[in-house]
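Here is how the chains run, residue by residue.
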Amino acid sequence: MGVNVGVLALQGNVSEHIAAFECALDRMRWGDTSSVFSVKKAGELMGCDALAIPGGESTTISRLIEKNHLYEPIRQFPGGMFATCAGMVLIATHVDDPRVHPLCLIDMTVERNAFGRQRESFEADLVIDGIDGGPFHAVFIRAPVGTEVGNGVNVLARIDRGIVAVEFGKHMALAFHPELGDDTRLHERFLKKIGT
Ligand code: GLN
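How each quantity is defined
Residues numbered from 1 in each chain as written. Predicted model: local features only at pLDDT ≥ 70, side-chain atom pairs only at ≥ 80, totals over all residues. Heavy atoms only, no water. Near = heavy atom within 4 Å. Polar contact = N/O pair within 3.5 Å; in protein donor to acceptor, adjacent residues only side chain to side chain. Areas by Shrake-Rupley, 256 points an atom, 1.4 Å probe, with all protein chains shown as cover. Nonpolar A, V, L, I, M, F, W, Y, C, P; charged D, E, K, R; others polar. Phe/Tyr/Trp six-rings, centres within 6.5 Å; stacked < 30°, edge-to-face > 60°. Buried < 20%, exposed > 50% of the residue type's maximum accessible area, 1.4 Å probe, protein only. Helix = DSSP H or I, 4+ residues; strand = E, 2+ residues; numbered from the N terminus. Pairing = 2+ DSSP bridges. Contact = heavy atoms within 4.5 Å. Expected span 1.5 Å × (residues − 1). Arc of directions from axis to C-beta.

### Some details on the site of the ligand
(1) Moving on: Inspection of the region around the ligand gives Gly55, Gly56, Glu57, Ser58, Cys85, Ala86, Arg112, Asn113, Ile141, Arg142 and His177 as its neighbouring residues.
(2) Moving on: With respect to the ligand, the side chain of His177 contributes an N or O atom lying 2.9 Å from a nitrogen atom.
(3) Moving on: With the chains in place, 97% of the 300 Å² that the ligand exposes on its own is no longer accessible.
(4) Moving on: By residue class, the composition of the shell around the ligand is three nonpolar, five polar and three charged.

### Considering the packing of aromatic side chains
Both the distance between ring centres and the angle between the ring planes are used here to describe each pair of aromatic rings.
(1) Moving on: Overall, the coordinates contain eight aromatic pairs when judged by the stated rule.
(2) Moving on: Ring plane angle 65 degrees and centroid distance 4.8 Å describe the contact between Phe115 and Phe122, whose orientation is recorded as edge-to-face. An identical accessibility class is assigned to Phe115 and Phe122; each is buried.
(3) Moving on: Summarising the aromatic geometry, the rings of Phe140 and Phe176 are spaced 5.5 Å apart at their centres and angled 55 degrees between planes, so their arrangement reads as tilted. In this pair, Phe140 sits in strand S8 (residues 136–141) while Phe176 sits in the loop between strand S12 (171–174) and helix H5 (185–194), placing the two residues 36 residues apart along the sequence. The residues Phe140 and Phe176 share a single accessibility class, namely buried.

### Overview of the pairing of S12
(1) Moving on: Across the two faces of S12 the burial is the same, with His171 and Ala173 and Met172 and Leu174 all buried.
(2) Moving on: Of the pairings in the sheet, the one linking strand S4 (residues 80–84) to S12 comprises three bridges and is parallel in character. Bridging from a neighbouring strand, Phe82 pairs with Met172 of S12.
(3) Moving on: Taking the residues that link successive antiparallel strands as the turn, the strand S11 (residues 162–168)-S12 hairpin has two residues, and the phi of Gly169 there is positive, at about 55 degrees.

### Description of the environment of Val36
(1) Moving on: Within the secondary structure, Val36 sits in strand S2 (residues 35–39).
(2) Moving on: Separated by 101 residues in the primary sequence, Val36 and His137 have C-alpha atoms spaced 24 Å apart.
(3) Moving on: When neighbours within four sequence positions are excluded, Val36 is seen to be in contact with Val5, Val7, Ile18, Phe21, Glu22 and Leu25.

### A word on helix H1 (residues 14–27)
(1) Moving on: Taking 1.5 Å per residue as the helical rise, H1 with its 14 residues ought to reach 20 Å, and the 20 Å between its terminal C-alpha atoms agrees with that figure.
(2) Moving on: Those residues of H1 lying buried are Val14, His17, Ile18, Ala20, Phe21, Ala24 and Leu25. Along the long axis of H1, the arc covered by the buried residues comes to 165 degrees, so they all point the same way. Of the exposed residues in H1, those oriented more than 90 degrees away from the buried face are Ser15 and Asp26.
(3) Moving on: Close packing links the buried residues of H1 with strand S1 (4–8), S2, strand S3 (50–53), S4 and H5.
(4) Moving on: Of the residues one or two after H1, Arg29 is the one with positive phi, at around 65 degrees.

In short, geometric facts, not functional conclusions.
Okay, here's the thing in structure tokens:
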């Protein structure tokens, strides 16, 4: 089995995602038949089975998506998307900040910077539906939360403030940063849905 993973490389945690996907693919023994690379232009999406939208600043990434004529190509992308933190803001349908032009690929309402100044960054052990082997140690950095999801969106984890992990078809969106740290269970779960 193998999979070609593109990481949207406009701004944010690009190299961390590339390293985490490479590590996950090696652990799954798909490393030799797969590739992970950065994507900056629409033409590069053609070679991808999956696309990661990393954490960063969703307002900036949104502006750069428009500037690089990537909005429609990403919306039409037929593969799975792995959207983390700012990525979760971008992939939603409704966002509480007019500077973000959401991609509307997962029917979900998202609040940016939902934890305010007091808890800009924190870590939490999450029980995530479908992830075996104990809680997932999640790093939240100026994180969003989901406040509502539409039909067919599978909520995988919540904390007191709201929804922090969802799955919709081949897509996965997470409010935290699974690419920081050594736990690749979420990357592996995503890749198993994509691999052929
Ligand atoms: N607060 C950022 C935003 O809404 C997300 C932060 C992150 O990706 N670490 O864009």
